[in-house]
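Take a look at the letters that make up each chain.
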Amino acid sequence: MSGLDKAPVGWHKPSHSRSSSTASSRHSRQNIKDWEILEDVQMEMCAGGDSLQDMALPGICEGYLMKKRKWPLNGWHKRYFVLDKGILKYAKTQHDISKGKLHGSLDVSLAVMSINKKSKRIDLDAGDNLYHMMAKSYDLFYIWVTKLSAHRMYKKSEAVHMHNGFLQALSHGGNVLPSVANLMQRNGGVPDSSSAYYESSASTLNEAAPPVAELPTASRGVNSKVSAWLHQSQDEYCIQELNRCQTDLAELNRLVQKLQSLDGSQPFNNGELQRIISMQNLTLEKPKKKSNKMWGHSRTLSRVEALGMLSSNHLSASHLGASVPSIPDYVYSQISPPNATSPEGKKITQDICAVSQKVHTSLKSVHEALVLERQRIREAWSGPDLRQATPQQLATLCTALSELEMQSRLTKVHSLSLTSDSSDESFCTIRAEQPPGFPCSRRSSSRHSSRRAPSVADSSAEYFDASDNILCETSSEASDESGLSGDTTSNSEPEEGHATATLKYRASISSSPNMPSAVPTDTGRRTTLPAPGPDNSHIGLMTILYNNIGKDLSRVSMPIPLNEPVSLLQRLCEELEYSDLLDTASRTEDPYQRMVYIAAFAISGYATARFRNRYKPFNPILGETFECVREDRGFRYISEQVCHHPPISACHADSENFSFWQDQRWKNKFWGKSLEIMPTGMVNITLPKFNDHYEWNKVVTCIHNVLSQQRYLEHYGEVIIRNLKSAVCTCKITFVKSRYWGSDSNMNEVQGTVLDQAGNVVHRFGGLWHEGIFCDTLPTPQCIWKPNPQPKDHFTYYGFSSFAMEMNELTPELKPLLPTTDTRLRPDQRMLEEGRVDEADKLKDDIENKQRDRRKAMSKKGEEHIPRFFRKTLDAAGREVWLSNGTYWKIRENPGFMHTENLDLW
Ligand SMILES: CC(C)CCC[C@@H](C)[C@H]1CC[C@H]2[C@@H]3CC=C4C[C@@H](O)CC[C@]4(C)[C@H]3CC[C@]12C
């Protein structure tokens, strides 16, 4: 029997998504609520079993779908998709597919799949790849979802088989690679991405430690412990119980059908339908006149035919929208409304109740077993056994195991993130300060809770708590409703021919000499950090994310080895690394050329992100400040953490040639594997010499594969630079979303144009945000910016640039001049910098608690924190902005911060 007809797709909807909402936030919540995560119910059931053989390969599915455009940012275009053996590939037309002119492909089993029935949308997030698709009709939507689910299940069960072989090999102490290779062979030997996934796990294992067979005795001891552990664990029991549950569900299905047939309704059920859809090869387009037998499909289902096959009951929007959490549609649609009046019907109804009871009991005991298992893991984690194992082995083991768990867990995290509220209002829900009795008041020591696994008893409360502000994307979701407007997550795809232009720019940049830096290189500042960054590859981010779902990642308190010894206030200052571009701009008479330099500056701020994906900056404490005086660069900079909920960092820099300011807050969107950070504030530059005031937005930064060590950063979207004082020219910069299927040569591509008032292109420039920008329309075509070379040991030192290394330096001359709130005086960050990781960890706890206590005390007194050096006001466009109040440097000079009252933050 095929796995699919046992239990079809689970249309999962977490129950808390139905929590009541306030009028102001209902709109956004409504939209988010329309999204559901597709869980592969069947997958979990066959996880330990041997059902791969039972699982027939689902049929091919092909046809047109709308795909969100990568370029321009808005709208959709029609693309031809083919789903075969778990791989979804697409091209412009059917013809292109047949000629192998692919636009992209993705392994559907590695993606988190979310659907929106209302707008007929299907999103697949595979970490590297993010597809937003939309079907043209409900029937096509239904068919695609069914097909995708079937292929995912098939592919995943294939992967589970390999995983079991892998674990077996591990527990038998043998070298895993041959067994994985065998398994791959068994699966047809096609080196597809799922085997690549295992290969990568295996090679991580090999890189990190010698092959298990060659390990010294102590290590073999650890392996036998692993083996014993696996034997002791409850998974056998769970599998049995789940199998039983499955049988009961089949019985339930049978009874329901019987009940239905009593009523003489429903010609055939959803399960059957899904099985049919899954197994057939389907071409969802009307066959062309000269129908080609390219795919050798056994059957073609025209749209009309498909419609006829799916009764209106299956397809009506209301039905699609009415599924209930964790009850498969087909059961739900048939149970409801209960309609058994005859004695026989009553008997069946009673049986249904009894079987349901059994299912419930089974699930309950599985749940209990899992609680026990978690307890065991937790104890073991802090127990002596694991402490004796070498960190390397632990890291290896953790990577291997956690990667395998990732898929199912991600689905859950994703489901929560998609269904949570994102209104600003709830963003302001303060957890730690909640009155006692509120579910989240338990978090008073959230630092600890962030490091422990959530217990079942409190997990729902945690989720509830966290769900309040998981997705801060009200605006983009709201615009999404039409299903047609673009949101910030759209891919940015270049126009035809642009890739070639970038290749040319790239060649020109690499042949240009390194920029003769306008800044003297011997700054007299430190050139390295006191201690290397700690290894944090063994820290499981999953648990942390679980406990902090919904919080802005940049603000989540994490174990100190995940931090880099700079704060966000300092990170914003890093955007001034290439301030010489502003100096050049202020010397450039021609307004169009001037704009090119401003644009290069806007791009240059992103370069540092290239090497900075292993650690996160410190979250500034409310009231924390940071100053940076750079005589060599001719500017001085101040910043302050001005707001805690939402967290806002404001900064301002002045020089003879320019002023720079911005206040930044971020919204997050978690797609399951990648996390998008959407900054909302504007960046401002004034050039007094020309009375220019430039203003621009920031693009989206995406942390791909955020939970794994393959994490990398990408920026994409469009930046528009306007001069608020003159309409002579504007500038448009596109950070192109990369096309993963080609070579990675277009990774980090940037293109820009300077336009005159009439919209004509005056200048054109491009390149890569991590390699440089070339402008070929200047009187002498030239490379206008290149990032400074990284210090050679930068990998050891958090990936810092030289400028970043200088950021937290504290000299004896500077110390007495700083307010006590300056980041340089923050002791935990300093300790981390010095490599005193454990002490830093403890101190960070204390400092965060102190901040919480201070906030509590203030709110008790009804007081509000008032920033010291910035004031809130509205800009010309009516946006709330934070501007310097001009007091910092005055106080510093006279009477000096030493003689003023400063906040006591740590
Ligand atoms: C879990 C941890 C270890 C993963 C690492 C997270 C890192 C990569 C995240 C956390 C906070 C993020 C930063 C938050 C805000 C901004 C400002 C924006 O204008 C550019 C990107 C930038 C600078 C982000 C870069 C990526 C970042 C540093």
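Residues numbered from 1 in each chain as written. Predicted model: local features only at pLDDT ≥ 70, side-chain atom pairs only at ≥ 80, totals over all residues. Heavy atoms only, no water.

Colleague: Honestly, the overall build of the protein chain in this entry has me stumped. Any pointers?
Modeller: Scanning the protein chain from N- to C-terminus turns up 30 helices and 29 strands. Scored against the burial criterion, the 906 residues of the protein chain give a buried share of 58%. For the protein chain, contacts bridging at least 24 residues in sequence account for 67% of all contacts bridging at least 6. Element-wise, carbon and sulfur atoms account for 55% of the exposed surface of the protein chain, whose accessible area totals about 37,600 Å². (Helix = DSSP H or I, 4+ residues; strand = E, 2+ residues; numbered from the N terminus. Buried < 20%, exposed > 50% of the residue type's maximum accessible area, 1.4 Å probe, protein only. Contact = heavy atoms within 4.5 Å. Areas by Shrake-Rupley, 256 points an atom, 1.4 Å probe, with all protein chains shown as cover.)

Colleague: Please explain unusual backbone geometry as it appears in this structure.
Modeller: Leave glycine aside and you will find that most residues have negative phi; peptide bonds, for their part, are mostly trans. Here the residue pair His 645 and Pro 646 is connected by a cis peptide bond, since its omega of -5 degrees sits within 30 degrees of zero. Here the amide bond leading from Asn 894 into Pro 895 is cis, since omega sits at 15 degrees, within 30 degrees of zero. Looking at the element boundaries, Pro 895 is found in the segment after α30 (888–893). At Lys 85, a position not held by glycine, the phi torsion is positive, near 50 degrees. Note that Lys 85 resides in the loop between β4 (76–84) and β5 (87–91). One non-glycine residue with positive phi stands out, namely Asn 705, at about 50 degrees. With respect to the secondary-structure elements, Asn 705 resides in the loop between β21 (700–704) and β22 (712–723).

Colleague: Could you clarify how one ought to interpret the pairing of strand β18 (residues 675–679) in this entry?
Modeller: Here is the key point about a regular strand: its side chains alternate between the two faces of the sheet. Within β18, 5 of the 5 residues are buried, leaving the element largely enclosed by the surrounding structure. Residue alternation in β18 divides its side chains into two sets, Leu 675, Ile 677 and Pro 679 and Glu 676 and Met 678, and both sets are buried. Bridge count between strand β17 (residues 666–670) and β18: 5 bridges; the pairing is antiparallel. Paired with Asn 668 across the strands is Ile 677, a residue of β18. What sits between the antiparallel neighbours β17 and β18 is a turn of 4 residues, in which Gly 672 has the positive phi angle 115 degrees. Pairing analysis gives 3 bridges linking β18 to β21, with the strands arranged antiparallel. Paired with Glu 676 across the bridge in β21 is Cys 702. (Pairing = 2+ DSSP bridges.)

Colleague: For this particular structure, what's the right way to read the pattern of salt bridges?
Modeller: In a structure, side chains of opposite charge can pair up when their charged atoms sit close to one another. Scanning the entire structure with this criterion turns up 31 salt bridges. A salt bridge links Asp 123 to Arg 121, with the shortest nitrogen-to-oxygen separation between them at 3.2 Å. Like Arg 121, Asp 123 is buried. Ionic pairing is found between Glu 839 and Arg 836, a salt bridge with its closest N-O pair at 3.1 Å. Using a relative accessible area of 41% as the deciding quantity, one classes Glu 839 as partly exposed. In the salt-bridge network here, residues are joined through shared partners; they are Glu 564, Arg 571, Glu 574 and Arg 612. (Salt bridge = Lys/Arg side-chain N within 4 Å of Asp/Glu carboxyl O.)

Colleague: I would appreciate a short explanation of the nonpolar core in the present structure.
Modeller: Proteins that are soluble and globular tend to have nonpolar side chains buried together. Formed by 64 residues in total, the largest nonpolar core has its most connected members in Tyr 637, Phe 660, Trp 696, Ile 721, Ile 733 and Phe 765. Ranked by the residues each element gives to this core, the list is headed by helix α26 (residues 591–604), at 9 residues. In terms of nonpolar packing, the next biggest core, distinct from the first, is built from 28 residues, Ala 111, Ile 143, Trp 144 and Ile 277 among them. (Core = buried A, V, L, I, M, F, W, Y, C linked by side-chain atoms within 4.5 Å.)

Colleague: Would you take a moment to explain empty space enclosed by the protein for this structure?
Modeller: With a probe scaled to a water molecule rolled over the atoms, the places where space remains empty come into view. By the definition in use, this model includes 7 cavities of 30 Å³ or more. The volume enclosed by the largest cavity comes to roughly 790 Å³. Around the largest cavity, the lining comprises 37 residues; the ones closest to its centre are Arg 571, Pro 617, Ile 677, Thr 701 and Leu 713. Contributing elements (two or more residues each) for the lining of the largest cavity: α23 (541–547), α24 (568–574), α26, β12 (616–618), β18, β21 and β22. With 4 residues, the top contributor of residues to the lining of the largest cavity is α24. Here the residues of the lining of the largest cavity are counted per class, giving 23 nonpolar, 6 polar and 8 charged. (1 Å grid on protein atoms, 1.4 Å probe; cavity = no way out; pocket = protein on both sides within 12 Å on 5 of 7 lines; lining within 4 Å. Points joined across faces, edges and corners; volume = space filled by probe spheres on them. Nonpolar A, V, L, I, M, F, W, Y, C, P; charged D, E, K, R; others polar.)

Colleague: Can you walk me through the pairing of strand β27 (residues 782–785) in this structure?
Modeller: In terms of strand pairing, strand β26 (residues 772–775) meets β27 through 3 bridges, oriented antiparallel. The residue bridging Cys 775 from the neighbouring strand is Gln 782, located in β27. Hairpin remark: β26 followed by β27, antiparallel, with 6 residues in the connecting loop.

Colleague: Can you walk me through α26 in this structure?
Modeller: One turn of an α-helix holds 3.6 residues; hence residues three or four places apart share an orientation. End to end, α26 covers 20 Å across 14 residues, agreeing with the expected 20 Å (1.5 Å per residue, within 8%). Within α26, 12 of the 14 residues are buried, which leaves the element mostly enclosed by the surrounding structure. Listed as buried for α26 are Gln 593, Arg 594, Met 595, Val 596, Tyr 597, Ile 598, Ala 599, Ala 600, Phe 601, Ala 602, Ile 603 and Ser 604. Where α26 starts, the residue carrying a side-chain oxygen 3.0 Å from the main-chain nitrogen of Tyr 592 turns out to be Asp 590. (Expected span 1.5 Å × (residues − 1). Polar contact = N/O pair within 3.5 Å; in protein donor to acceptor, adjacent residues only side chain to side chain.)

Colleague: Sorry, what's going on with helix α29 (residues 837–860) here?
Modeller: Under the 1.5 Å per step criterion, the end-to-end length of α29 is 35 Å for 24 residues, consistent within 8% with the ideal 34 Å. Every buried residue belonging to α29 is among Val 837, Ala 840, Asp 841, Lys 844, Asp 845, Ile 847, Glu 848, Gln 851, Arg 852, Arg 854, Arg 855 and Met 858, and all of these are buried. Immediately beyond the C-terminal end of α29, within one or two residues, lies Gly 862, with a positive phi of roughly 70 degrees.

Colleague: Teacher, can you tell me more about the packing of aromatic side chains here?
Modeller: Two aromatic rings, taken as a pair, are described by how far apart their centres are and by the angle between their planes. The tally for this structure, following the rule as stated, stands at 16 aromatic pairs. Seen from their ring centres, Tyr 64 and Tyr 80 are 4.7 Å apart, and the 75 degrees between their planes marks the pair as edge-to-face. Of this pair, Tyr 64 sits in strand β3 (residues 61–68) while Tyr 80 sits in strand β4, and the two are 16 residues apart along the sequence. Summarising the aromatic geometry, the rings of Tyr 615 and Tyr 798 are spaced 4.8 Å apart at their centres and angled 65 degrees between planes, so their arrangement reads as edge-to-face. Of this pair, Tyr 615 sits in the loop between α26 and β12 while Tyr 798 sits in the loop between β27 and α27 (802–807), placing them 183 residues apart in sequence. For the residue pair Tyr 615 and Tyr 798, the accessibility class agrees, reading buried in each case. Through pairs of rings, three or more aromatic residues link up here, namely Phe 81, Tyr 90, Tyr 131 and Trp 144. Seen from the ring of Tyr 131, Lys 67 lies directly overhead, with NZ or CZ sitting 5.1 Å from the centre. In this structure, Lys 78 packs its charged tip against the face of Tyr 64, placed 4.7 Å from the ring centre. (Phe/Tyr/Trp six-rings, centres within 6.5 Å; stacked < 30°, edge-to-face > 60°. Lys NZ or Arg CZ within 6 Å of the ring centre and 35° of its normal.)

Colleague: Just checking my understanding: could you explain the side chain of Lys 147 for this structure?
Modeller: Position of Lys 147 relative to the elements: it lies in helix α5 (residues 138–171). One buried charged residue, Lys 147, remains without a salt bridge, the closest side chain of opposite sign being Asp 84 at 9.0 Å. Those residues within four positions of Lys 147 in sequence are excluded, and the remaining contacts are Gly 59, Ile 60, Cys 61, Leu 83, Ile 277, Ser 278, Met 279, Gln 280 and Leu 282. (Lys, Arg positive; Asp, Glu negative; His and termini not counted.)

Colleague: What should I look at first to understand the environment of Pro 787 in this one?
Modeller: Within the fold, Pro 787 resides in the loop between β27 and α27. Excluding anything up to four places from it in sequence, Pro 787 contacts Tyr 578, Ala 607, His 770, Glu 771 and Gly 772.

Colleague: I'm lost on the confidence of the model for the protein chain in this one. Help?
Modeller: Low-confidence regions, as indicated by low pLDDT, have predicted coordinates that should not be scrutinised in detail. On average, residues of the protein chain score 73 in pLDDT, and 63% of them are at 70 or above. Low pLDDT (under 50) marks residues 173–219, which in the prediction has 66 contacts with non-local residues, meaning those over four places away or in another chain. Overall, residues 403–491 carries pLDDT values under 50, and its contacts beyond four positions in sequence, including any with other chains, amount to 242 contacts. Reported confidences for the modelled complex are a pTM of 0.59 and an ipTM of 0.97. (pLDDT = per-residue confidence, 0-100.)

Colleague: What am I meant to see in the environment of Tyr 797 here?
Modeller: By the secondary structure assignment, Tyr 797 is in the loop between β27 and α27. The exposure class of Tyr 797 is buried, given its relative accessible area of 13%. Sequence separation of Tyr 797 and Pro 534 is 263 residues, and the distance between their C-alpha atoms is 9.0 Å. The residues touching Tyr 797, leaving out its near neighbours within four places in the chain, are Thr 528, Leu 529, Ala 531, Pro 532 and Met 805.

Colleague: I keep staring at the environment of Asn 808 and nothing clicks. Help me out?
Modeller: Mapped onto the secondary structure, Asn 808 falls in the loop between α27 and α28 (827–833). Residue contacts for Asn 808: discarding those within four places in its chain leaves Arg 526, Pro 565, Gln 570, Thr 823, Arg 824, Gln 829, Arg 830 and Glu 833. A polar atom in the side chain of Asn 808 sits 2.8 Å from the side chain of Glu 833.

Colleague: Teacher, can you tell me more about the side chain of Asp 248 here?
Modeller: Tracing the sequence through the fold places Asp 248 in helix α9 (residues 235–263). A residue is classified by how much of its surface remains accessible, and Asp 248, at 8% relative accessible area, is buried. For Asp 248, the residues in contact, after removing those within four places along its chain, are Val 355, Lys 358 and Val 359.

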